[in-house]
Amino acid sequence: MAVLVDTDTKLCVSGITGREGSFHALNNQRYGTQVVSGVTPGKGGHDVEGIPVFDTFHEAVAETDANTAMVFVPPRFAADSILEAEDAGIDLIIAITEGIPAHDEMRVYNHMARGGSRLVGPNCPGILSPGKASVGIIPASFFREGNVGVVSRSGTLTYQIGNELADRGFGNSSIVGIGGDPVPGSSFIDIIELFEADPQTELIVLSGEIGGDAEEQAADYIAENVTKPVVAYIAGFTAPPGKTMGHAGAIVSGSAGTAVAKADALEAKGVRVGRTPTAVADIAMEIIGK
Amino acid sequence: MDLLEYQGKQLFAKHGVPVPAGAPAKTVEEAVAAADEVGYPCVVKAQVLVGGRGKAGGIKVAKDRQDAEEHARAILGMDIKGFTVHELYVERASDIDEEYYAAFVFDRSAKKPVAMLSRMGGMEVEAIVDEDPDAMVRVHVDPLIGFQGFHGRRLAFQAGIAADTIGPVGSLLAKLYETFTQEDAMLVEVNPLLVTPSSSPAATGGPGKREVVALDAKVTIDDNALYRHPDIAELQSGAAEDPQELMARERGLTYVKLDGNVGILGNGAGLVMSTLDVVAQAGGQPANFLDAGGGSKSDAITSAVEVILSNPKVTAVLFNIFGGITRCDEVANGLIEAFAQINPGVPFVVRLDGTNDKEGRELLARADLPNVHTESTMLGAAERVVQLAGGSSGSSGATA
């Protein structure tokens, strides 16, 4: 088991004929992911190293049974592409694109909240289930199969924490990047719920950062609903209030949304918080180390 | 991107939100001409992106041309909480009967816009709402249906605004929502939302109606949506920008200046924030946040080194890279190129992991740059750079 992506994943890549899109689609395919098709309007009938390209998601689904989409198109086309994938009946849509306008994200989120598809991202590194499938840009060679589920708002920080865990011999069930934007399609809670139900996952690592209240909401949810141990990390203790540090999501205003407030909220609910990525791995060792 | 008051009001006017007549000015002469145009009495207002302008003496009423000239001269160039006044807004003076508050904000938690209305607007609104949260009424708007008449009525009746203002406030809120969505704003705030006294009986013989006018405008536009608003993107925001931050922005880097002496470069906002924290915990003080971004090429890295070193307080620099899209060999080449162009004069600690890390480390080893140290872990690199930076106060943990 793993969550969201595995050997049953049949991936269709939106923007597959672009430079980044083709590079990462082929990387995912080399890892073992079934990349069944791609979509680029106007390039239907072509192929990218044997992967057939269609003009629309609807054709791609009809012809190749795709059940998962990866969106790699530029920000101004991304909301449209996500909505198209949903309309075509794709179950899971993973949006890598960074820089989508917030109002677009808000409309997409509120529309999808009514439907049956799940969105992960945007502005996320994707999902890796080591040994099974990789969808996105996570450097998969650093991770191996195991029992730690990781969910994170940041890409590179996810790799850092995953690497610290790997250095201590841990592997991962799945690594899920939910993205750093103000309106993520999936929240910590959505992914933690999946890890709780996943038999392969024995420990959950939550990697958060300043801004918003997703970590605080996750703390409440964990206390009520999660039986597996959870270790958390929060980035941004030294961030000055009122400054944006790269992620639109990471805006601190007043006391709410600060790293201290988040760490306190998690600890108050019994979730241990590592103050460095290394400390997260140390705590994991204490809890399930052999 | 935060807009100045008059820039926000120009957007309001475009969408039919009532605002007093006014004109911006950059010189005393322009201000006097603007005052003549809007008529007396008028208000000369400092245009800076900070609250408390009135208390700081940045807003003055002019009853005649001489007043207007004196106030313009006094306010231009004034320092308000670290912001220099480069622009003025000269506006027709308004009579005040009541002051309300109205806003649309992007609510991250609900993932919807939230409308806010209070009949207790004005300078003390925050203190009033702190004491009595019910003084501010909030209603979420489903972005798929937009702002409807009932939203306006719910807000108005619940906030308890005067009966004669319910219609005009509702219609103003609808136009404010249009501004919020069509201009891709993260915030539109009107404080105060002014209710004017009844005007003298109009020509028709009946008593004049009270009017509702936006007396101030605070507007923040989503940076990610600026491509849809080229005229807004061109505006001079007047943000107090420090020279390094300006330089970084021109080069497309995300850079935030901090108070310490350890220069920091990383890839990805989360990892960079984490790097700052780890450096602080190792007893150092970060000099900056710099996210070179995903897929950084060597010229971006060279450029970033220049930005970091342009801050004279920097006594050592830490590179913390975990490559995903970013390739470590590109980072190494960028650093080598930077050393070829400038003599940094301070020690560097470099930690490379991830995509092409072996190639990157080999490039650095071959280049044998002066005073560049490599470390294999993030924690080790942080400890090393703090030691090399020296002069730190040894403080640990979070700084405000």
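Note that the structure is predicted; figures quoted are calculated from it, not measured.

**With respect to the overall build of chain B**
- For chain B, the count of helices and strands is 13 helices and 19 strands.
- Considered along the principal axes of its C-alpha atoms, chain B spans approximately 90 × 50 × 40 Å.

**Section: the overall build of chain A**
- For chain A, the count of helices and strands is nine helices and 14 strands.
- Taking 290 residues into account, the globule formula puts the C-alpha radius of gyration at 19 Å, and chain A, at 18 Å, falls close to it.
- Summarising its shape, the C-alpha atoms of chain A cover approximately 55 × 40 × 30 Å along the three principal directions.
- Expressed as a percentage of its 290 residues, the buried residues of chain A come to 59%.
- Considering only residue pairs separated by 6 or more positions, chain A has 72% of its internal contacts joining residues 24 or more positions apart.

**What to know about helix H1 (residues 5–14) of chain B**
All names here are of chain B.
- Within H1, seven of the ten residues are buried, which leaves the element mostly enclosed by the surrounding structure.
- Residues of H1 that are buried include every one of Glu5, Tyr6, Gln7, Gly8, Lys9, Leu11 and Phe12, and no others.
- Once H1 ends, the next one or two residues include Gly16, with phi positive near 85°.

**Section: the domain arrangement of chain A**
Residue and element names in this part refer to chain A.
- What the domain assignment reports for chain A is domain 1 (10–120) and domain 2 (143–288).
- Each of domain 1 and domain 2 has a C-alpha centre, and the two are 27 Å apart.
- Mapped by element, the contributors of at least two residues to the side of domain 1 that touches domain 2 are helix H4 (102–112) and strand E7 (118–120).

**Digging into the domain arrangement of chain B**
- Split by domain assignment, chain B resolves into domain 1 (21–92), domain 2 (98–233) and domain 3 (243–389).
- Here the C-alpha centre of domain 3 of chain B lies 44 Å away from the C-alpha centre of domain 1 of chain B.

**Some details on the interface of chain B and chain A**
- On the side of chain A, 47 residues touch chain B, which itself brings 46 residues to the contact.
- Elements with a contribution of two residues or more to the side of chain B that touches chain A: strand E14 (254–257), helix H9 (269–281), strand E16 (288–291), strand E17 (316–323), strand E18 (348–354) and helix H13 (378–389) of chain B.
- Of the residues forming the side of chain B that touches chain A, the biggest block, eleven residues, is contributed by H9(B).
- Class assignment for the residues of the side of chain B that touches chain A results in 22 nonpolar, 15 polar and nine charged.

**With respect to the sheet that holds strand E10 (residues 145–152) of chain A**
Residue and element names in this part refer to chain A.
- What the seven strands build is an open sheet, ordered E9-E8-E11-E10-E12-E13-E14; its pairing is mixed. A single partner strand is all that each edge strand has here, and the edge strands are strand E9 (133–136) and strand E14 (272–274). Going across the sheet, the axis of each strand differs from the next one's by a mean of 20°, ignoring polarity.
- The pairing of strand E8 (residues 126–129) with strand E11 (residues 172–177) spans two bridges and is classified as antiparallel. Bridged to Ile127 within E11 is Val176.
- Packing of helix H6 (residues 188–197) onto the sheet brings it into contact with E10, E11 and strand E12 (203–209), and relative to E10 it is tilted by some 165°.

**Let's talk about the pairing of strand E3 (residues 42–46) of chain B**
Residue and element names in this part refer to chain B.
- Counted residue by residue, E3 has five buried out of five residues, so it is predominantly covered.
- Alternating residues of E3 divide into Cys42, Val44 and Ala46 and Val43 and Lys45, and every residue in both groups is buried.
- Here E3 pairs with strand E4 (residues 59–62) via four bridges, running antiparallel. Residue pairing for E4: Cys42 is matched across the bridge by Ala62.
- For E3 and strand E7 (residues 88–92), the ladder comprises five bridges, and the chain directions are antiparallel. In the sheet register, Val43 faces E7, and the bridge partner there is Glu91.

What counts, and where the lines are drawn
- Residues numbered from 1 in each chain as written.
- Chains lettered and ligands numbered in written order.
- Predicted model: local features only at pLDDT ≥ 70, side-chain atom pairs only at ≥ 80, totals over all residues.
- Helix = DSSP H or I, 4+ residues; strand = E, 2+ residues; numbered from the N terminus.
- Rg over C-alpha atoms; globule rule 2.2 N^0.38 Å.
- Buried ≥ 20, exposed ≤ 12 C-beta atoms within 10 Å, placed from the backbone.
- Contact = placed C-beta atoms within 7 Å.
- Domains from an automatic or database assignment.
- Nonpolar A, V, L, I, M, F, W, Y, C, P; charged D, E, K, R; others polar.
- Pairing = 2+ DSSP bridges.
- Axes fitted to C-alpha atoms, helices over the stretch in contact; angles between N-to-C directions.

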